[in-house]
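One-letter residues, chain by chain:
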Amino acid sequence: MGVSFDKIDGVMARRDAPAPEIAPVPTAGSKGTSLKFEIQPATNPTSEKERAARLVDPGFGRIFTDHMAVVRYNQAKGWHGARVESRANFPLDPATAVLHYAQEIFEGLKAYKRDDGGVSLFRPDANARRFRNSAERMAMAPLPEPVFIEAVEQLVRIDRAWIPGGEGSLYLRPFMIASEVFLGVKPSAEYIFAVIASPVGSYFKGGPAPVSIWVSENYTRAAIGGTGAVKCGGNYAASLRAQAEAIGHGCDQVVFLDAVERRYIEELGGMNVFFVFDDGSLSTPPLGTILPGITRDSIIALAKDSGTRVREEAYTIDQWRTDAASGKLKEAFACGTAAVISPIGKVCSASGDFLLGGGAAGPVAMGLRKKLVDIQYGRAADPHNWIKTVL
């Protein structure tokens, strides 16, 4: 009788050999659990003079603060070792799981300096909830939401001097990686959760300028049952070739169509999209294969507050082109944490280009942007209790 073989992770393995040890998917509760953070201030922090020089024009995602928050997980201890410490490199074994099997997720949110000198976060509970959902989809240990929020708050407190004034903010990047050392296709038994911070200036100098977008007909971002609704690095890596194609055609961003029929608008490479019609209504693609953006959700709420009808429904590229030509569609805009709202002025594709609103920023997009930014900076009332005061 011959011996049968299976191929496991690219290696031929005998079927009668012992099965590889598979760690169970962590299912620790995500709510009602907290950890006490040990605070270890940096021994050699950036000088006040150097920090001030860097904050003159911080750009986006290029400058980082002195500290980071770190929490670790293993199956024996659960989440433990919560600390705020000097920002430093992680030592990683070449066989660390994240390097081979891409168990990785992240979030993005901002801390804002209010006019009264205080510091606030915008909807960190929503980020914590989405982070937990991402972890569960990627078979990672779900981080308790209170731990996520506490890690963010502690980092903001210790690095508050890095928050720029004016329209600047402190961009916060919570992330989690699989840190177990092994080769084999299974969920990791160990994870590192961390938060780093980057001071950022206004995304647009001189005000939001309309962007041009390229319709990707060769690449798709996500499919039903996939990870489109998850904020994981793989989704963004898969979008880079399409984004490069957009830039090659002289456009700022790429917009993806659905993976099945290649007709329905889904989202941009890193932003959700909205459409504004001549009857005053708004439309945005439905959730499922797209990221449930927190800015997207906030825009829907603010629009409804003002009596605007908002539809979450499928919209094809052909409809977009036809409605823009007829005048039925007045505006389109993209939204996300970094830029808040970006008006879309031109849509380009292999089938031809078309303008929206004459290529200029529209009043609906700019009005919603002002409402949202004013809430974030504490300049307007917060009817939904989105703001969490840190300092």
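Read on for a plain summary of the structure. Here the structure is a predicted model, which means the values were calculated and not measured.

## Focus: the overall build of the protein
Then, in step 1: Scanning the protein from terminus to terminus reveals eight helices and 20 strands.
Then, in step 2: Here the C-alpha radius of gyration of the protein, 23 Å, is about what a compact globule of 391 residues would show, namely 21 Å.
Then, in step 3: Projected onto its principal axes, the C-alpha coordinates of the protein cover approximately 70 × 65 × 35 Å.
Then, in step 4: Split into buried and exposed, the 391 residues of the protein put 51% on the buried side.
Then, in step 5: Considering only contacts in the protein between residues 6 or more positions apart, those separated by 24 or more positions represent 71%.

## Focus: helix α5 (residues 233–248)
Then, in step 1: Between its terminal C-alpha atoms α5 stretches 23 Å, which fits the 22 Å expected from 16 residues at 1.5 Å a residue.
Then, in step 2: Taken residue by residue, α5 has N235, Y236, S239, A242, Q243, E245 and A246 as its buried positions.
Then, in step 3: Positive backbone phi, at 80 degrees, marks G250, one or two positions downstream of α5.

## Focus: the pairing of strand β14 (residues 272–277)
Then, in step 1: Of all six residues that make up β14, six are buried, and the element is covered over most of its length.
Then, in step 2: Side-chain alternation along β14 places N272, F274 and V276 on one buried face and V273, F275 and F277 on a second face that is also buried.
Then, in step 3: The sheet contact formed by β14 and strand β17 (residues 329–336) spans six bridges and is antiparallel. What sits directly across from V273, in β17, is A334.
Then, in step 4: With two bridges joining them, β14 and strand β15 (residues 282–284) adopt antiparallel strand pairing. From the neighbouring strand, V276 faces β15, where its bridge partner is L282.
Then, in step 5: Where β14 hands over to β15, the hairpin turn is made up of four residues, of which G280 adopts a positive phi near 90 degrees.

## Some points on the state of the cysteines
Then, in step 1: Under the counting rule described, the total for this entry stands at zero disulfides.
Then, in step 2: The thiol of C251 is unpaired, and the distance to the nearest cysteine sulfur, on C348, comes to 3.5 Å.
Then, in step 3: Exposure remark for C251: the relative accessible area of 5% places this residue in the buried category.
Then, in step 4: The closest cysteine sulfur to the non-disulfide-bonded C335 is located on C232, 19 Å from its own sulfur.
Then, in step 5: For C335, a relative accessible area of 2% corresponds to the buried category.

## Section: the environment of S86
Then, in step 1: Among the secondary structure elements, S86 is positioned in strand β5 (residues 78–86).
Then, in step 2: Through-space distance from the C-alpha of S86 to that of M68 is 6.1 Å; in sequence the pair is 18 residues apart.
Then, in step 3: Once you skip the residues sitting within four places of it in the chain, S86 turns out to touch Q40, A42, T43, D66, H67 and M68.

## Regarding the packing of helix α3 (residues 124–137) against helix α4 (residues 145–158)
A packed helix pair is summarised by two numbers, namely the angle formed by the two axes and the spacing between the axes.
Then, in step 1: Relative orientation of the contacting elements α3 and α4 amounts to 130 degrees, with a least axis distance of 9 Å. Put simply, α3 runs oblique to α4. Both α3 and α4 take part in a crossing whose hand is right-handed. Here α3 contributes P124, D125, N127, A128, R129, F131 and R132 to the contact with α4, which in turn contributes E145, F148 and I149.
Then, in step 2: For the contact of α3 with α4, the residue count by class is five nonpolar, one polar and four charged.

## Structural notes on the pattern of salt bridges
It is possible for side chains bearing opposite charge to pair when their charged atoms get close.
Then, in step 1: Scanning all chains against the criterion turns up 18 salt bridges.
Then, in step 2: A salt bridge links R309 to D279; the shortest N-O distance between them is 3.3 Å. Taken together, the residues span a long stretch of sequence, with R309 in the loop between α6 (294–305) and β16 (310–312) and D279 in the loop between β14 and β15 at a distance of 30 residues.
Then, in step 3: Residues joined by salt bridges that share partners form a network here, namely E167, K370, D374 and R379.

## Structural notes on α6
Then, in step 1: For α6, built from twelve residues, the straight-helix expectation of 16 Å at 1.5 Å per residue is met to within 8% by its first-to-last C-alpha distance of 17 Å.
Then, in step 2: Most of α6 is tucked away: nine of the twelve residues are buried.
Then, in step 3: Where α6 ends, the next residue or the one after it, G307, has phi of about 90 degrees, a positive value.

Reading the values: rules and limits
Residues numbered from 1 in each chain as written. Predicted model: local features only at pLDDT ≥ 70, side-chain atom pairs only at ≥ 80, totals over all residues. Heavy atoms only, no water. Helix = DSSP H or I, 4+ residues; strand = E, 2+ residues; numbered from the N terminus. Rg over C-alpha atoms; globule rule 2.2 N^0.38 Å. Buried < 20%, exposed > 50% of the residue type's maximum accessible area, 1.4 Å probe, protein only. Contact = heavy atoms within 4.5 Å. Expected span 1.5 Å × (residues − 1). Pairing = 2+ DSSP bridges. Disulfide = S-S within 2.5 Å. Axes fitted to C-alpha atoms, helices over the stretch in contact; angles between N-to-C directions. Parallel < 35°, antiparallel > 145°, perpendicular 65-115°, else oblique. Left-handed = near helix turned anticlockwise from the far one by under 90°. Nonpolar A, V, L, I, M, F, W, Y, C, P; charged D, E, K, R; others polar. Salt bridge = Lys/Arg side-chain N within 4 Å of Asp/Glu carboxyl O.

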